[in-house]
Amino acid sequence: MMNSLWPSMRLLVRRCRIQILAWLLPLWALVASTAPSYEDVYPSLAEREMLVGAMRDSPGTRILYGILPTPGTIGQLVQWETGTYLVWCSGLMSILLTCRMMRGDEDTGLVEISRGTGVGRWVGFWAPVFVVWGTTALLGAGISGVMLAERSTVEELTVSGSLAFGASITITGWGFAALTALICQLGRDLTQARGTAIGAFGVMFGLRVAADDRDGLSWLRWVTPIGWRDIVQPFTDDSWAPVIICTLAALGILGIAGLAFGKRELLSGYLPDRTMSTRRWRVHGFTGLWVRLARSGFLGWGAGIGALAALFGAMTGSFTDMLAPDSPTKVWVDKMADGSAVKQLMTLLTTMTVLLVASAAVRRANTLAQEEREGLVELEIATGMSRARRYWVHLGLVVLEAIMLTGIAAGSLAWVTSSQLTTDHAVARAAVFVLTQIPGVLAAIGLAMAIVGLVPRLASVMWVVIGWSLFAQSFGGLVDLPDWARDLSIVGHCLDVVGDPEWVPLAVQAGIAIASLLVGFFGFSRRDVGS
């Protein structure tokens, strides 16, 4: 039943090594840069007093990050802010890797082929679990190692806190990996399993928010892996009992998933089959089919982007108090953005919001490569659709969706900001800063379409561009990144409602978008479909 487990695990690691390193290395780098930055800007507890008070009182910040522990040591700040990103990334990494290794290989026929060569039946379940759990453990060990190494320069970091911090991130990943393994048994294909798992991630985040926001609901932290870090309390209590309990809970979920796997037929599931419908789809041509297939994804991205923009808007009132002249926070933010306090704040918030829009646009553009692999493009061309029409209609609908998502982000951010902050053109800047970054989103779409048009198997390379944009805009100033390197980001270039507009960056991005789209069309129209 477990024949060839170790070779199968080695094969999974080899096949997914790029994705694994793409998750681990940036997250370790994020941890390495955060604690020294806090130490430079806030060297003493007295200088952090205003920051801690504002962060604990801000409703938006509490929703996003949770409750900041007191008195606000460097370790507490790191595990509170950076730890939130690590919790999210650990969970999403576990979800995506588990879905790909467990359900994706089954849908593509790799599991059936491996069974035909003598590989044990249970290897298809346990090999992905062990690889993902090992990857998550490696992430946690690296985080602890980085924090321990920085104790020589940041005295407030403790050994027990560093170890507990890494352990809390590890058990979060284990929890989501176990939950995703169960969902992979319930779903009937990769798409359904992945969508259900990501939806479950959103539910878990909502439970953590409820636990922080409502009295008497703190017990909900035990229910959601996103709340397990708050129970461990790294750099505060450093509790190891919750680590053991949560690990046992993850093993329990994994046991249930194993039982479901043992009773499930290959390529089947327990949830209703949504790949077929007895209802007649009222679609007219390729455009109608595209809209019908993309509808649920658009609604999901729109809801997420709108909620995040509203959350950022709710945080604007408390942040401006911390950006007073000569304050430590103002010195820190000056490294990341220019202008007045309101302009700096809106620059940072809108950059993150538009980056999410760009991610949605790139993912939608890359569906052309996915549909080509699945044979849909070849089928459409065989029915008489020209390659030019297939390319440009797909592009037009991707652009339309991106513009609509940008409008949702701008409206949501401006609307909530109007109830929190109105000075220094804050509301107008919230809308204009988002809308005028559309050329950057178009540049991202153009680059994605160029890669898909030339070499569709390299479509995932665009996520390197997205990752670089995130790093350059969020941490470029902190690590003294050259201006030309920061300007390579697809986001962060926008017009201001005050002063003379700077059109050159937007014109360059528009030129990149047009040139890339033409290159993509040239490649798509001349290469063999599926090559």
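Presented here is a report on the structure given in the accompanying data block.

Criteria and cut-off values
- Residues numbered from 1 in each chain as written.
- Predicted model: local features only at pLDDT ≥ 70, side-chain atom pairs only at ≥ 80, totals over all residues.
- Heavy atoms only, no water.
- Helix = DSSP H or I, 4+ residues; strand = E, 2+ residues; numbered from the N terminus.
- Rg over C-alpha atoms; globule rule 2.2 N^0.38 Å.
- Buried < 20%, exposed > 50% of the residue type's maximum accessible area, 1.4 Å probe, protein only.
- Contact = heavy atoms within 4.5 Å.
- Lys, Arg positive; Asp, Glu negative; His and termini not counted.
- Charge placed at Lys NZ, Arg CZ, Asp CG, Glu CD.
- 1 Å grid on protein atoms, 1.4 Å probe; cavity = no way out; pocket = protein on both sides within 12 Å on 5 of 7 lines; lining within 4 Å.
- Points joined across faces, edges and corners; volume = space filled by probe spheres on them.
- Nonpolar A, V, L, I, M, F, W, Y, C, P; charged D, E, K, R; others polar.
- Polar contact = N/O pair within 3.5 Å; in protein donor to acceptor, adjacent residues only side chain to side chain.
- Patch = residues over 30% accessible without salt bridge, like charges linked within 9 Å, V, L, I, M, F, W, Y side chains within 5 Å.
- Areas by Shrake-Rupley, 256 points an atom, 1.4 Å probe, with all protein chains shown as cover.
- Salt bridge = Lys/Arg side-chain N within 4 Å of Asp/Glu carboxyl O.
- Arc of directions from axis to C-beta.
- Axes fitted to C-alpha atoms, helices over the stretch in contact; angles between N-to-C directions.
- Parallel < 35°, antiparallel > 145°, perpendicular 65-115°, else oblique.
- Left-handed = near helix turned anticlockwise from the far one by under 90°.
- Phe/Tyr/Trp six-rings, centres within 6.5 Å; stacked < 30°, edge-to-face > 60°.
- Lys NZ or Arg CZ within 6 Å of the ring centre and 35° of its normal.
- Expected span 1.5 Å × (residues − 1).

## Regarding the overall build of the chain
Here is step 1 of the chain: A count of helices and strands for the chain gives 21 helices and 0 strands.
Here is step 2 of the chain: The globule rule puts the C-alpha radius of gyration for 531 residues at 24 Å, and the 24 Å found for the chain is close to it.
Here is step 3 of the chain: Projecting the C-alpha coordinates of the chain onto the three principal axes gives extents of approximately 65 × 60 × 40 Å.
Here is step 4 of the chain: The proportion of buried residues among the 531 residues of the chain is 51%.
Here is step 5 of the chain: In the chain, the proportion of contacts linking residues at least 24 apart, taken out of those at least 6 apart, comes to 77%.
Here is step 6 of the chain: One way to put it: in the chain the 40 positive side-chain charges average out to a point 13 Å from where the 40 negative ones average out.

## As for the layout of surface pockets
Here is step 1 of the chain: Roughly 920 Å³ of volume is contained in the second largest pocket.
Here is step 2 of the chain: Lining of the second largest pocket is provided by 31 residues; of these, Asp 487, Gly 492, His 493, Cys 494 and Glu 502 occupy positions nearest its centre.
Here is step 3 of the chain: For the lining of the second largest pocket, the elements supplying multiple residues, two or more each, are α14 (341-373), α18 (438-454), α20 (483-486) and α21 (504-526).
Here is step 4 of the chain: Looking at the lining of the second largest pocket, its residues break down into 15 nonpolar, 6 polar and 10 charged.

## Structural notes on the side chain of Gln 76
Here is step 1 of the chain: Residue position: Gln 76 is located in helix α5 (residues 74-107).
Here is step 2 of the chain: Engagement of the side chain of Gln 76 in a polar contact is seen with the backbone nitrogen of Gly 72, the distance being 2.8 Å.

## Re a nonpolar patch on the surface
Here is step 1 of the chain: On the surface, a cluster of nonpolar side chains totalling about 320 Å² of accessible area is made up of Leu 148, Val 159, Leu 163 and Trp 240.
Here is step 2 of the chain: With respect to the helices and strands, the residue Trp 240 is situated in the loop between α10 (228-232) and α11 (241-263).

## A few points about helix α17 (residues 426-435)
Here is step 1 of the chain: Every buried residue belonging to α17 is among Ala 426, Arg 429, Ala 430, Phe 433 and Val 434, and all of these are buried. For α17, the angular spread of the buried residues around the axis is 115 degrees, confining them to a single face.

## Describing the packing of α14 against helix α16 (residues 387-417)
Here is step 1 of the chain: With their axes 10 Å apart at the nearest point, α14 and α16 run at an angle of 155 degrees to one another. In terms of axis orientation, α14 runs roughly antiparallel to α16. For the crossing formed where α14 meets α16, the hand is right-handed. Residue-level contacts link Met 346, Thr 350, Thr 353, Val 357, Ala 360, Ala 361, Arg 364, Ala 365, Thr 367, Leu 368 and Glu 371 of α14 to Arg 390, Tyr 391, His 394, Val 398, Glu 401, Ala 402, Leu 405, Thr 406, Ala 409, Leu 413 and Thr 417 of α16.

## What about the packing of α16 against α21?
Here is step 1 of the chain: Where α16 meets α21, the closest approach of the two axes is 9 Å, and the angle between their N-to-C directions is 145 degrees. Seen along the crossing, α16 lies across α21 with a hand that is right-handed. Residue-level contacts link Arg 387, Ala 388, Arg 390, Tyr 391, Trp 392 and Leu 395 of α16 to Leu 517, Leu 518, Gly 520, Phe 521, Phe 524, Ser 525 and Arg 526 of α21.

## What about the packing of aromatic side chains?
Here is step 1 of the chain: Tallying each qualifying case throughout the model produces 18 aromatic pairs.
Here is step 2 of the chain: Here the aromatic rings of Trp 88 and Phe 205 are separated by 6.0 Å at their centres, their planes lie at 75 degrees, and the arrangement is edge-to-face. Here Trp 88, found in helix α5, pairs with Phe 205, found in helix α9 (residues 190-213); they are 117 residues apart in sequence, far enough to count as distant.
Here is step 3 of the chain: Considering the side-chain rings of Trp 126 and Phe 130, the 5.6 Å spacing of their centres and the 25 degrees angle between planes classify their relative orientation as stacked. With Trp 126 and Phe 130 both in helix α7 (residues 123-149) and 4 residues apart, the pair spans about one turn of that helix.
Here is step 4 of the chain: Aromatic ring contacts, followed pair by pair, group Tyr 65, Trp 80, Tyr 85, Trp 88 and Phe 205 into a single cluster.
Here is step 5 of the chain: When the ring centre of Phe 261 is taken as reference, the NZ or CZ atom of Arg 121 above it lies at 5.2 Å.

## Concerning helix α2 (residues 17-41)
Here is step 1 of the chain: For α2, with 25 residues, the first-to-last C-alpha span of 37 Å sits near the 36 Å given by 1.5 Å per residue.
Here is step 2 of the chain: Those residues of α2 that fall on the buried side of the exposure criterion are Ile 20, Leu 24, Leu 27, Trp 28, Leu 30, Val 31, Ser 33, Thr 34, Ala 35, Ser 37, Tyr 38 and Val 41.

## Here we look at the pattern of salt bridges
Here is step 1 of the chain: Inspection of every chain in the model, using the stated rule, returns 15 salt bridges.
Here is step 2 of the chain: Salt-bridge contacts for Asp 107 lead to Arg 103; the nearest nitrogen and oxygen are separated by 3.5 Å. In this pair, Asp 107 and Arg 103 are both assigned in helix α5, 4 residues apart and thus about one turn of the helix distant.
Here is step 3 of the chain: Classification of Arg 103 as buried rests on a relative accessible area of 1%.
Here is step 4 of the chain: Its salt-bridge partner being Asp 230, residue Arg 229 comes within 3.5 Å of it at the nearest N-O pair.

## Some thoughts on the side chain of Ser 8
Here is step 1 of the chain: Among the structural elements, Ser 8 can be located in helix α1 (residues 5-15).
Here is step 2 of the chain: When sequence neighbours within four positions are dropped, the list of residues in contact with Ser 8 reads Val 119, Val 123 and Ala 127.

## A look at the environment of Ala 431
Here is step 1 of the chain: The residue Ala 431 is located in helix α17 in this model.
Here is step 2 of the chain: Along the chain, Ala 431 and Ala 409 lie 22 residues apart, while their C-alpha atoms are 8.3 Å from each other.
Here is step 3 of the chain: Not counting the four nearest positions on each side in its chain, Ala 431 is found in contact with Ala 410 and Ala 414.

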